[in-house]
Amino acid sequence: MTESASPAAVDERSSFDFSPTRTVASPVGVNNAEAKRVALRAEHISAWYGQKLAVSDVTLDIDAHSVTALIGPSGCGKSTLLRCLNRMHEVTPKGRVQGRVILEGEDIYGPGSDPTRVRQRIGMVFQKPNPFPTMSIEENVAAGLRFMNMRSKSEIADRVEASLKAAALWDEVKNDLKKPGMALSGGQQQRLCIARAIAVEPEVVLMDEPCSALDPLATLKVEDLMRTLAVKYTIVIVTHNMQQAARVSDRTAFMLAGEGGYGELIEYLPTDELFTNPQDQRTEDYITGRFG
Amino acid sequence: MASTTDLGHRPSRSVLVGGLHLADRLFKGVTGFAAVFVVLIVGGLFYQLIWRAWPAITANGFSFIWSTDWNPSQGIFGAGAFLVGTALTSVAALILATAVAVLVALYLVEVAPSRVSRPVSYMVELLAAIPSVVYGLWGIYVLGGFIQSTLGPMLTHTLGLFIPFFDGTPRVTGLLSAIVVLTIMIIPTVMAVSRDVIAAVPGSQREAILALGATRWETIRIAVLPYARSGILGGAILGLARAVGETLAVTLVIGNRVSIPHTIFDPTYTMASVIANQFQEAEGATHRAALMEVALLLLCVTFLINVVARLLVWRVTKGQRSVVIE
Amino acid sequence: MTTAGLVALHRRRRLTDRVMTVVMVIAAVAAVTPLVLIMFHVLTHGMGALSLSLLTEDPNPPGRPGGGVRNAIAGSMLMVGMAMAIGTPIAIGCGIFLSEFGQNRAGMVLRFLVDVLAGLPSITIGLFIYSLVVLPNKRFTAIAGALALAVILIPVVARITEEMLLLVPRSLREAAFALGAPRWRTVLTVVVPTALPGIVTGLMLALSRIAGEAAPLLFTSLGNQFFSTDPLQAIDSLPTRIYTYASGPFDYWHEQAWAMSLLLVVFILMVSVIVRALVGTKVTVRQ
């Protein structure tokens, strides 16, 4: 687990710029004029594992307060692309990134950028629920708060409650906050991880196939949750399930690995359009089930 | 494995008549005999030591464990001083070695690139291959001098000002020399187990905390160490067992005197070193039986420590191999 | 939550991260340093005393400089060889039993006992053989020393054998079973030969471990001033002679102890290098 493996990922220790314009709180109280604002812009992102190119030259804009889905057959680089959006790709051994990701006008791979700050602002939920086994439900949700100068017990308790409510888990666990997080069911664990991710109030939440380990009922709950969360947060979700993308997302990006074995962005459209009227033959082949 | 191979095999086996059945049974019997041999060794080890120590056990009674009076010429035998010596040397070495070994293991797994971690890992493991007597030799003629001239005075002039236990006359051989040698000797044991259990912490745990904005050290402290702690504890206890049973290196550097040390530089004895040092020149049967009783005590202590350590390590690395191939 | 407070917190977190990274590096250096120092001193002190006569002559009477340790080298080779001959079949048999029939409760207990035996102090094993073999026969013998070393070797080799056998792909065995081969034949002609490099590795690791053991020999083979290859007599060995010389009063003893240490360490390093070359990977047995 070494960081700063990429040439683009500038040494996190080299400088530390903390401009006061970067506030931690997310833009609460959204107004409609802001709805079409671009939250995150990936520019010419390429990603490698060692010498192997996994994602090639992807550029896309992610709208604020919406759900954006990345779909495509397995091995198309959609998860890798997602992990490039909050500098998590560089923690995988030999992971390397090139390109820029613009968050609020600044490149998260820029020289003054600190990956720990980036990840506080762009949270992540993983494929398999990964609560900390030695921590209680409460401690799990509060895990990221210790990086945020949050000292007072009541403040933390309030934030834990708010996050669990936002993750639609509060009613199920409010009497068991001291119980280990691992005691919950799979679907509950995943919502716990979502609560943990939003407790630090990120601007963007990345979800890497968050329902692939869940049963249909739990999946429905998490999907509902995504819609609700999109009011406050910007959501990017990777899914291998086209119906899910169709159900939850506002815009959908289709990725495909070609002859070279690396993933490329084929098409990026509002979800309705992509599924009803794709422009690219390969997209149509995929959504009609002709391959993949 | 046995169950899965049986699945495909049973039908064909039932077709075959008794002859092959017999051969397979014989096969199981012969290898089983070898296995039973191991049980016999462990059982025999206890039986023989109890038998030889019996005269001393009946003569000395329970006071053997806490009496610190050991006077073979007068037939007075109390192993208290050796127990204290063993506890002091091995617990001190354990604390020092665990602190270093866990940090090294974290460095190897979490920080170092593989071109650094592989040779460093190999070198630390080589430490475990150096024979005990060579440590002893080095301990007397190199380390002892360093302790007397440099490390000892450093301690007396710092810690010694506040803690009487560190305020004494540095010597070549004594408690401190034994502690330092033991620390070096058990670092590889603790390091190897810690490294394996730390490497066994799922990457998803690290990612979970990294995605919340943790630094590398926070990742270690919040996600890695809590997950690996019982395995690390098991490794440390294995190191303790090794320290408690370590004989010749300690015998050469501990100074060999029957007394509870008043300062960290005083000579003393451990259970293992008093056996190594006195058994050949034992003054008659009662002295020999008393040393056998010390050996029995040592055996029981290390047996218990081993059982606890194995259970801990097994619980954590369940299903993992105890032989590591990279 | 003020921005200034956050900046301070961030600075502190980054500083802690850096300091702890440095501490980890220091620990790694501290752990490797003793190895380098021991190697350095064994090499420099040992080279000075290493000579042909050390290898070809037997010890002089105490106090008369010169002489060699031929008897100790021969005794070590003899006892280690006998220990391997005695211990290997038992250890491999035990390893086969554990891998073939050990996936049940009894196997767990046995595996546990093997692991525990590997962790017991070697001096108690020396006393065990002393009580079992030396006392009834009223003499220290090379064979008693070899038995004590064999007891140390057995758990190490048994466990590595088991692990190596379990690494053999299931498909290989199933192929043999499909041909109608009985279990014993499958194991002995397919599984064991496939795992042989690993088992040999285990044997070599055990060899280098018992070659350096002195504690179990103190009360079994005792040591001997003279050259002997008689399994029924007391016999000398390198580790016990190092022990005697290290704790003795004469300077030339100390020098010869360094030289013997050099021989032992070089031997052990060679085995370690051969093992790495043999399997092309790293194999370690947890103590």
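Each chain carries its own residue numbering, running from 1 in the written order of its sequence. Each chain takes a letter, starting from A, and each ligand takes a number, starting from 1, following the order in which they are written. Note on the predicted model: pLDDT of at least 70 is required for a residue's local features to be given, and 80 or more for side-chain atom pairs to be given and counted; whole-chain, interface and lining totals, by contrast, use all residues.

Caption draft 1: Expanded view of the overall build of chain A. Counting its regular elements, chain A contains 10 helices and 10 strands. Classification of the 292 residues of chain A by burial places 49% in the buried group. Contacts spanning at least 24 positions in sequence make up 71% of the contacts within chain A whose residues lie at least 6 apart. Each helix is a run of DSSP H or I of at least 4 residues and each strand a run of E of at least 2, with the numbering of both proceeding from the N terminus. Exposure in this text rests on C-beta crowding, where 20 or more other C-beta atoms within 10 Å of a residue's own make it buried, 12 or fewer make it exposed, and counts in between make it partly exposed. The C-beta atoms are placed from the backbone. Two residues qualify as being in contact provided that their C-beta atoms, derived from the backbone, are within 7 Å of each other.

Caption draft 2: Up close: the overall build of chain C. Looking only at helices and strands, chain C has 10 helices and one strand in total. The order of helices and strands in chain C, counted from the N terminus, is α-α-α-α-α-α-α-α-α-α-β. This radius of gyration counts C-alpha atoms alone. The globule rule is 2.2 Å times how many residues there are, raised to the power 0.38. In terms of overall size, chain C is more extended than a compact globule, its C-alpha atoms giving a radius of gyration of 25 Å where 287 residues would be expected to give roughly 19 Å. Dimensions of chain C, computed from C-alpha atoms along their principal axes, come out at roughly 80 × 65 × 35 Å. Buried residues in chain C amount to 53% of all 287 residues. Contacts in chain C between residues at least 24 apart in sequence constitute 75% of all its contacts with a sequence separation of at least 6.

Caption draft 3: Looking closely at the interface of chain C and chain B. Between chain C and chain B, the contact holds 89 residues from the first and 91 residues from the second. Broken down by element, the residue count for the side of chain C that touches chain B peaks at 19 residues, all from helix α1 (residues 3-49) of chain C. Asp, Glu, Lys and Arg are counted as charged, while Ala, Val, Leu, Ile, Met, Phe, Trp, Tyr, Cys and Pro are counted as nonpolar; the rest, among them Gly, fall into the polar class. Broken down by class, the residue content of the side of chain C that touches chain B amounts to 57 nonpolar, 19 polar and 13 charged.

Caption draft 4: Molecular detail of the pairing of strand β9 (residues 251-257) of chain A. Residue and element names in this part refer to chain A. When you tally the buried positions in β9, you get six out of seven residues, the bulk of the element. Pairing between strands is defined by DSSP: at least two bridges between them are needed. Inspection of the sheet shows strand β3 (residues 67-71) paired to β9 by four bridges, in the parallel sense. The residue of β9 that forms the bridge with Thr-68 is Arg-251. Bridging between β9 and strand β10 (residues 263-270) involves seven bridges; their strand directions are antiparallel. Residue Arg-251 lies in a different strand from β10, and its bridge partner there is Pro-270. Between the end of β9 and the start of β10, which pair antiparallel, lie five residues, with Gly-261 showing a positive phi angle near 85 degrees.

Caption draft 5: The arrangement of the environment of Ser76(C) in detail. All names here are of chain C. Within the secondary structure, Ser-76 is located in helix α3 (residues 70-101). The sequence separation of Ser-76 and Ile-26 amounts to 50 residues, and the corresponding C-alpha distance is 39 Å. Ignoring anything within four residues of it in the chain, the contact list for Ser-76 reads Ala-211, Ser-237 and Leu-238.

Caption draft 6: Here's a closer look at the environment of Tyr109(A). All names here are of chain A. Within the element layout of this structure, Tyr-109 appears in the loop between β5 (106-107) and α2 (115-121). For Tyr-109, a count of 24 C-beta atoms within 10 Å gives the class buried. Here the alpha-carbon distance between Tyr-109 and Arg-87, two residues 22 residues apart in the chain, equals 7.9 Å.

Caption draft 7: Expanded view of the packing of α3(C) against helix α4 (residues 105-119) of chain C. Residue and element names in this part refer to chain C. A fitted line through C-alpha atoms serves as each axis, taken over the contacting stretch for helices, and the angle formed by two N-to-C directions is quoted from 0 to 180°. Running from N to C, α3 and α4 cross one another at 145 degrees; their axes reach a closest spacing of 10 Å. Note that α3 runs across α4; the crossing there is left-handed. Here α3 contributes Cys-94, Leu-98 and Phe-101 to the contact with α4, which in turn contributes Gly-107, Leu-110, Arg-111 and Val-114. Residues of the contact of α3 with α4, tallied by class, amount to five nonpolar, one polar and one charged. For any helix crossing, the convention is left-handed if the near helix is rotated counterclockwise from the far helix by under a right angle, and right-handed if that rotation is clockwise.

Caption draft 8: Structural detail: the confidence of the model for chain C. Residues and elements named next belong to chain C. For chain C, the mean per-residue pLDDT works out to 91, and 96% of the residues sit at or above 70. Ignoring residues within four places in sequence, the model shows residues 282-287, a span with pLDDT below 50, making 25 contacts including any to other chains. Interface scoring of the predicted complex returns ipTM 0.93; its pTM is 0.89. Note on scores: pLDDT gives the predictor's confidence for each residue, bounded by 0 and 100.

Caption draft 9: Inspection of the nonpolar core at higher detail. What we call a nonpolar core is a set of buried Ala, Val, Leu, Ile, Met, Phe, Trp, Tyr and Cys residues whose membership is set by joining through C-beta atoms within 7 Å. Core analysis: the largest hydrophobic core is formed by 283 residues, its most contacted members being Val104(B), Val181(B), Ile187(B), Cys94(C) and Leu153(C). With 18 residues, the single largest contributor to this core is helix α6 (residues 142-167) of chain C. Residue contributions to this core reach at least three from each of two domains, namely domain 1 (2-60) and domain 2 (63-316) of chain B. Ignoring any residue separated from it by four or fewer positions in sequence, one finds Leu153(C) in contact with Ala83(C), Met84(C), Gly87(C), Ala91(C), Ala206(C) and Ile210(C). Just so you know, the domain bounds were taken from an automatic or database domain assignment.

Caption draft 10: Focus on the pairing of β3(A). The element β3(A) is largely enclosed, with a buried count of five among its five residues. The two faces of β3(A) match: Val67(A), Ala69(A) and Ile71(A) on one face and Thr68(A) and Leu70(A) on the other face are all buried.

Caption draft 11: How the structure looks around the packing of helix α7 (residues 170-178) of chain C against helix α8 (residues 183-211) of chain C. All names here are of chain C. For the pair α7 and α8, interaxial distance at closest approach is 10 Å and the crossing angle is 160 degrees. Classified by the angle their axes make, α7 and α8 are roughly antiparallel. Seen from above, α7 lies across α8 with right-handed handedness. Side by side, α7 and α8 meet where Leu-172, Arg-173, Ala-176 and Phe-177 of the first sit next to Thr-186, Val-190, Val-191 and Thr-194 of the second. Across the contact of α7 with α8, the residue classes tally to five nonpolar, two polar and one charged. Just so you know how the angles are binned, under 35 degrees is roughly parallel, over 145 roughly antiparallel, 65 to 115 roughly perpendicular, and the rest oblique.

Caption draft 12: Spatial organisation of α4(C). Helix length check: α4(C) (15 residues) gives 21 Å between terminal C-alpha atoms against 21 Å at 1.5 Å per residue, within 8%. Within the span of α4(C), buried status applies to Leu110(C), Arg111(C), Val114(C), Asp115(C), Val116(C), Leu117(C), Ala118(C) and Gly119(C). The span expected for a helix works out to 1.5 Å for each residue beyond the first.

Caption draft 13: Representation of the confidence of the model for chain A in the model. Taken residue by residue, chain A gives an average pLDDT of 87. The fraction at 70 or more is 87%. Throughout residues 1-35 of chain A the model reports pLDDT below 50, and contacts reaching past four residues in sequence, or to other chains, amount to 63 contacts.

Caption draft 14: Highlighting helix α8 (residues 175-199) of chain B. With 25 residues, α8(B) extends 35 Å between its outermost C-alpha atoms, agreeing within 8% with the 36 Å of an ideal straight helix rising 1.5 Å per residue. Taken across its 25 residues, α8(B) has 24 buried, putting it largely inside the fold.

Caption draft 15: Fine view of the environment of Thr56(C). Within the element layout of this structure, Thr56(C) appears in helix α2 (residues 52-56). A sequence separation of 55 residues divides Thr56(C) from Arg111(C), and the C-alpha atoms of the two residues are 44 Å apart.

Caption draft 16: Representation of unusual backbone geometry. Residues and elements named next belong to chain A. The backbone of Ala-168 sits at a positive phi, close to 55 degrees, despite the residue not being glycine. For Ala-168, the location among the structural elements is in the loop between α4 (153-166) and α5 (170-173). Positive phi, close to 50 degrees, is recorded for Glu-201, a residue that is not glycine. If you trace the backbone, Glu-201 turns up in the loop between α6 (186-199) and β7 (204-208).

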